[in-house]
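Fold and contact review
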Amino acid sequence: QPEQQTKEVVMISGYSGTGKTTLAFELKKKIKEERGAFVTGKFDQYSSGEPLSAISQAFGELCRMTVKKGATLCKEIEDVLRAELKSEVYLLTQIIPDLKEVINQETEHAEASDDATSEARQVRLNYAFRI
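What counts and what doesn't
- Residues numbered from 1 in each chain as written.
- Predicted model: local features only at pLDDT ≥ 70, side-chain atom pairs only at ≥ 80, totals over all residues.
- Heavy atoms only, no water.
- Helix = DSSP H or I, 4+ residues; strand = E, 2+ residues; numbered from the N terminus.
- Buried < 20%, exposed > 50% of the residue type's maximum accessible area, 1.4 Å probe, protein only.
- Salt bridge = Lys/Arg side-chain N within 4 Å of Asp/Glu carboxyl O.
- Expected span 1.5 Å × (residues − 1).
- Contact = heavy atoms within 4.5 Å.

Its place among the elements puts Leu73 in helix H3 (residues 71–85). Leu73 sits in the partly exposed class, given a relative accessible area of 28%.

Take a look at the structure:
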């Protein structure tokens, strides 16, 4: 019943040893019972030089799950992404390399434009993630 499906993101934070992992795996059990998708990404204090690393891990896992479900679903996702983002799909493939497997091809970098500033790229990235 697609009309009843929801998309939700849960982020858990806290000090080490407070049970975050245990909580996450309890959530995973419930989500699997409801036939939902559960993916994880973990920010590592030693990988602080990699912005969005946890998001990249989680979406990478989701991409791998999608590829396993078959080419039809991958094509549907590719069509939606390309319709909404056009050549900006490239931004997502830079953050989520596994997305290239879902869209089944290397995405070419869009021609440099006059909005190549860091702020403009951030705006486009925010737009891409809202999809």
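Now that the structure has been shown, we can carry on.
Within the structure shown, the criterion is met by five salt bridges. Between Lys29 and Glu26 there is a salt bridge whose closest N-O contact spans 3.1 Å. Here Lys29 and its partner Glu26 are both found in helix H1 (residues 20–33), three residues apart, which amounts to about one turn of the helix. The partner of Glu34 in a salt bridge is Lys30, with the nearest N and O atoms 3.6 Å apart. Classification of Lys30 as partly exposed rests on a relative accessible area of 47%.

Moving on, we get to helix H2 (residues 53–69). With 17 residues, H2 should cover 24 Å at 1.5 Å per step; its first-to-last C-alpha distance of 25 Å lies within 8% of that length. Buried residues of H2: Ser53, Ala54, Ser56, Ala58, Gly60, Cys63 and Thr66, and no others. If you follow the buried residues of H2, they end up packed against H3, helix H4 (89–95) and helix H5 (99–102). Backbone geometry just after H2 places Gly70 at a positive phi near 115 degrees.

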